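Each chain, letter by letter, is given below.
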Amino acid sequence: MRNMKQKPESYRTRDEVEEIIKENNIDRSEFHEVSKYSYLNILRKFYYTFFDYNRNVRYAEQQEINLSYAWLHFRKDLNQSDTIFLHYNDSDIDSIKSLVSEYSDNMECFCILAEGWVYEGKISAILNVIPEVFMVTDYYIISKKFDWVVVNCEDGECLYRVSLKKTFL
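Description of the structure in this document.

Definitions and limits used
- Residues numbered from 1 in each chain as written.
- Predicted model: local features only at pLDDT ≥ 70, side-chain atom pairs only at ≥ 80, totals over all residues.
- Heavy atoms only, no water.
- Helix = DSSP H or I, 4+ residues; strand = E, 2+ residues; numbered from the N terminus.
- Buried < 20%, exposed > 50% of the residue type's maximum accessible area, 1.4 Å probe, protein only.
- Lys, Arg positive; Asp, Glu negative; His and termini not counted.
- Salt bridge = Lys/Arg side-chain N within 4 Å of Asp/Glu carboxyl O.
- Contact = heavy atoms within 4.5 Å.
- Phe/Tyr/Trp six-rings, centres within 6.5 Å; stacked < 30°, edge-to-face > 60°.

**With respect to the side chain of E16**
Consideration 1: In this fold, E16 is placed in helix α1 (residues 10-23).
Consideration 2: One buried charged side chain, E16, makes no salt bridge at all; its nearest oppositely charged neighbour is R12, positioned 9.2 Å away.
Consideration 3: In this view, E16 contacts E132, V133, F134 and M135; residues no more than four positions away in its chain are not counted.

**Looking at the packing of aromatic side chains**
Consideration 1: Following the criterion strictly, the structure yields 11 aromatic pairs and no others.
Consideration 2: Aromatic side chains F51 and Y140 sit 6.2 Å apart centroid to centroid with 85° between the ring planes, which places their arrangement in the edge-to-face category. In this pair, F51 is assigned in the loop between α2 (39-50) and α3 (57-62) and Y140 in strand β6 (residues 139-143), connecting sequence segments 89 residues apart. For the pair F51 and Y140, one class covers both residues: buried.

Written out as structure tokens, the structure is:
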């Protein structure tokens, strides 16, 4: 018998996402995990664009990007929408659509799970997969331009949008 290592718990979420993709016949061109060669760059750009990393003690101590409770460390100079509070079994889909004023089903976005998994694809496919994931805690849907992010906070049972402030010359 081979000595098989137990997968870290975060892999359960990844495995569940993969099962949902397969069960729902989601086209991989519309939703997929990003390449292992690019996910760290996407995580870094997301983190340094939206978060006050000087205040995030977890990051300072670990010298790695940790998105657990990262929503507590958004930069203060960003715009935040009103919060949409969700009740158990509420659909995130319509609420997320209402937060993305430029929404179209073909809009390309990233989706980052608090466990560190990074996905990309059409927002319509993201919204078909992520709300079905039982093990997901917090997640972030980010525009490909990194000018806004929709935050789903499981602890607070809420959604909101954080945007970069527009500056005009």
